[in-house]
Amino acid sequence: MKKNLISVIILALLIVNIVLTAIMMFSVTGASKKTAALVDNIGTALDLELAASGGGEEAEETVSMADTETYSFADNMTIPLKKTEGDDKDHYCVVSVTLSINTKADGYKEYGSAENLTNMEGLMKDQINSVFAQYTAEEVRDNQEMVKKEILDRIQTMFDSKFIYNVSFGDILFG
């Protein structure tokens, strides 16, 4: 009789345990879903903020290859670089520059033709030279993306348009 009574008590405790586990699972699952939704909303808001502000800058727009033209400078440019501290040697950079052009952007019809860009090539080279002249060979080697961005900003300011959306360096040699 004692064995049956203990079996009944164990069965009752198992049923209570299953009921309490089910209640706990439903309450935790609901709270977990709400927490996941809150984290998702916060992540979405942060992504929107980053996309809208671009980290303090304008967000980059993507340009399809069908809407892209390139303009390469005819000759490689030999550009004097800033002297390194403690080094009396002159340093130079030989670079070939290619500009990516958005054919659908404002300003393309006015400035974007190869003839217009060829006429403005001297002015663009001056902007490129002045950017490179601010950096030593090591700084250019380590921060090419920063140099490209600064050149792009200056050329876009010069044209007062963003139809040129990327600057690429083909061959870059230091001496």
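Residues numbered from 1 in each chain as written. Predicted model: local features only at pLDDT ≥ 70, side-chain atom pairs only at ≥ 80, totals over all residues. Heavy atoms only, no water.

**Quick word on the packing of aromatic side chains**
And step 1. A full pass over the atoms with the stated rule returns 3 aromatic pairs.
And step 2. When the ring of Phe159 is compared with that of Phe163, the centres are 5.3 Å apart and the planes differ by 70°; the resulting orientation is edge-to-face. There is no split in this pair, since Phe159 and Phe163 are both buried.
And step 3. Against the face of Phe174 rests Arg141, its NZ or CZ located 4.5 Å from the ring centre. (Phe/Tyr/Trp six-rings, centres within 6.5 Å; stacked < 30°, edge-to-face > 60°. Buried < 20%, exposed > 50% of the residue type's maximum accessible area, 1.4 Å probe, protein only. Lys NZ or Arg CZ within 6 Å of the ring centre and 35° of its normal.)

**Description of the nonpolar core**
And step 1. Within the largest apolar cluster, 30 residues are counted, with the highest numbers of intra-cluster contacts made by Val95, Val97, Leu99, Phe132, Ile151, Ile164 and Phe169.
And step 2. Secondary-structure elements contributing two or more residues to this core are strand E2 (77-80), strand E3 (92-102), helix H4 (121-132), helix H5 (137-142), helix H6 (144-159) and strand E4 (164-174).
And step 3. In contact with Ile164, other than residues within four places in its own chain, are Leu99, Ser100, Ile101, Leu117, Leu152, Ile155, Gln156 and Phe159. (Core = buried A, V, L, I, M, F, W, Y, C linked by side-chain atoms within 4.5 Å. Helix = DSSP H or I, 4+ residues; strand = E, 2+ residues; numbered from the N terminus. Contact = heavy atoms within 4.5 Å.)

**Re H4**
And step 1. For H4, with 12 residues, the first-to-last C-alpha span of 16 Å sits near the 16 Å given by 1.5 Å per residue.
And step 2. For H4, every residue scored as buried is listed here: Glu121, Met124, Gln127, Ile128, Val131 and Phe132. Buried residues of H4, viewed axially, fall in a sector of 130°; they line one side. (Expected span 1.5 Å × (residues − 1). Arc of directions from axis to C-beta.)

**Thoughts on unusual backbone geometry**
And step 1. The phi torsion at Asp160 lies on the positive side, around 55°, for a residue other than glycine.
And step 2. With respect to the element layout, Asp160 can be found in the loop between H6 and E4.

**Topic: the confidence of the model for the chain**
And step 1. On average, residues of the chain score 84 in pLDDT, and 91% of them are at 70 or above.
And step 2. pLDDT under 50 marks residues 55-59. Its contacts with residues more than four places away, or in other chains, come to 6 contacts. (pLDDT = per-residue confidence, 0-100.)

**A closer look at H6**
And step 1. Taking 1.5 Å per residue as the helical rise, H6 with its 16 residues ought to reach 22 Å, and the 23 Å between its terminal C-alpha atoms agrees with that figure.
And step 2. Among all positions of H6, only Val147, Lys148, Glu150, Ile151, Leu152, Ile155, Gln156 and Phe159 are buried.
And step 3. Residues of H6 that are buried sit in contact with E3, helix H2 (108-111), helix H3 (114-119), H4, H5 and E4.
And step 4. Backbone geometry just downstream of H6 places Asp160 in the positive-phi region, at approximately 55°.

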